[in-house]
Amino acid sequence: MRQSLASIVLGFELIVMFLAALVAFGLKVLPAPVALGGGAAICVAILVALAGLRYRWGIIAGWVLQGVIVATGILVPIMFIIGALFAGMWVYSMVAGGRIDREKAAAAQLGDETHGS
């Protein structure tokens, strides 16, 4: 469940970061190659993290990306708020998803012990 919830959060962040790069470009906060290239780099990093969510490094990359996304608020201030909202959803997906996974594993183990007797 944690992997499913995390993939949803990262998937939406991918869309938001694409749009945020276009905003940075449109507001001329940075030169076009830097704004669009940086946005593309973050989008690629999100895709890599999405692909690796089943591994520990993918979860760690997701945590790092939350910080990066919040930090984009330095350039586009509304990203502080948007990044904080997504970071909150990420924390929720890690906590609640992990709890659900542990409960499912415990229930499966209990079911195996019951059927094994």
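For the structure, check the block above.
Report on the accompanying structure. Quick caveat, the model's predicted, so the values are computed rather than measured. (Residues numbered from 1 in each chain as written. Predicted model: local features only at pLDDT ≥ 70, side-chain atom pairs only at ≥ 80, totals over all residues. Heavy atoms only, no water.)

1. So, the overall build of the protein
Here is step 1: A count of helices and strands for the protein gives four helices and zero strands.
Here is step 2: The order of α-helices and β-strands along the protein, N terminus first, is α-α-α-α.
Here is step 3: Compactness check: the protein gives a C-alpha radius of gyration of 18 Å against a globular reference of 13 Å for 117 residues, more than 25% above the reference.
Here is step 4: Taking the principal axes of the C-alpha coordinates as reference, the protein spans close to 70 × 25 × 15 Å.
Here is step 5: For the protein, the residues scored as buried account for 30% of the 117 residues in total.
Here is step 6: A fraction of 67% describes how many contacts in the protein between residues 6 or more apart in sequence connect residues 24 or more apart.
Here is step 7: Looking at the protein as shown, the accessible area adds up to about 7000 Å², and 74% of this sits on carbon and sulfur atoms. (Helix = DSSP H or I, 4+ residues; strand = E, 2+ residues; numbered from the N terminus. Rg over C-alpha atoms; globule rule 2.2 N^0.38 Å. Buried < 20%, exposed > 50% of the residue type's maximum accessible area, 1.4 Å probe, protein only. Contact = heavy atoms within 4.5 Å. Areas by Shrake-Rupley, 256 points an atom, 1.4 Å probe, with all protein chains shown as cover.)

2. Looking at the environment of Leu-14
Here is step 1: Within the element layout of this structure, Leu-14 appears in helix α1 (residues 2-26).
Here is step 2: The exposure class assigned to Leu-14 is partly exposed, which follows from its relative accessible area of 22%.
Here is step 3: Between the C-alpha atoms of Leu-14 and Met-89, which are 75 residues apart in sequence, the distance is 14 Å.
Here is step 4: Ignoring any residue separated from it by four or fewer positions in sequence, one finds Leu-14 in contact with Cys-43, Ile-46 and Leu-47.

3. Some points on helix α3 (residues 56-71)
Here is step 1: For α3, built from 16 residues, the straight-helix expectation of 22 Å at 1.5 Å per residue is met to within 8% by its first-to-last C-alpha distance of 23 Å.
Here is step 2: Those residues of α3 lying buried are Gly-58, Ile-59, Gly-62, Leu-65, Gln-66 and Ile-69. Seen along its axis, α3 keeps its buried residues to an arc of 110°; they face one direction. Those residues of α3 that are exposed and angled more than 90 degrees off the buried face are Arg-56 and Val-64. (Expected span 1.5 Å × (residues − 1). Arc of directions from axis to C-beta.)

4. Remarks on unusual backbone geometry
Here is step 1: For Lys-28, which is not glycine, the phi torsion reads 55° and is therefore positive.
Here is step 2: Here Lys-28 is to be found in the loop between α1 and α2 (32-51).
Here is step 3: Given the relative accessible area of 69%, Lys-28 is considered exposed.

5. Here we look at the pattern of salt bridges
Here is step 1: Summed over the entire model, instances satisfying the criterion amount to one salt bridge.
Here is step 2: Between Arg-99 and Glu-103 there is a salt bridge, with the nearest N and O atoms lying 3.6 Å from each other. Placement of the pair is Arg-99 and Glu-103 together in helix α4 (residues 78-116), with a separation of four residues, close to one helical turn.
Here is step 3: On the accessibility criterion, Glu-103 (47% relative accessible area) is partly exposed. (Salt bridge = Lys/Arg side-chain N within 4 Å of Asp/Glu carboxyl O.)

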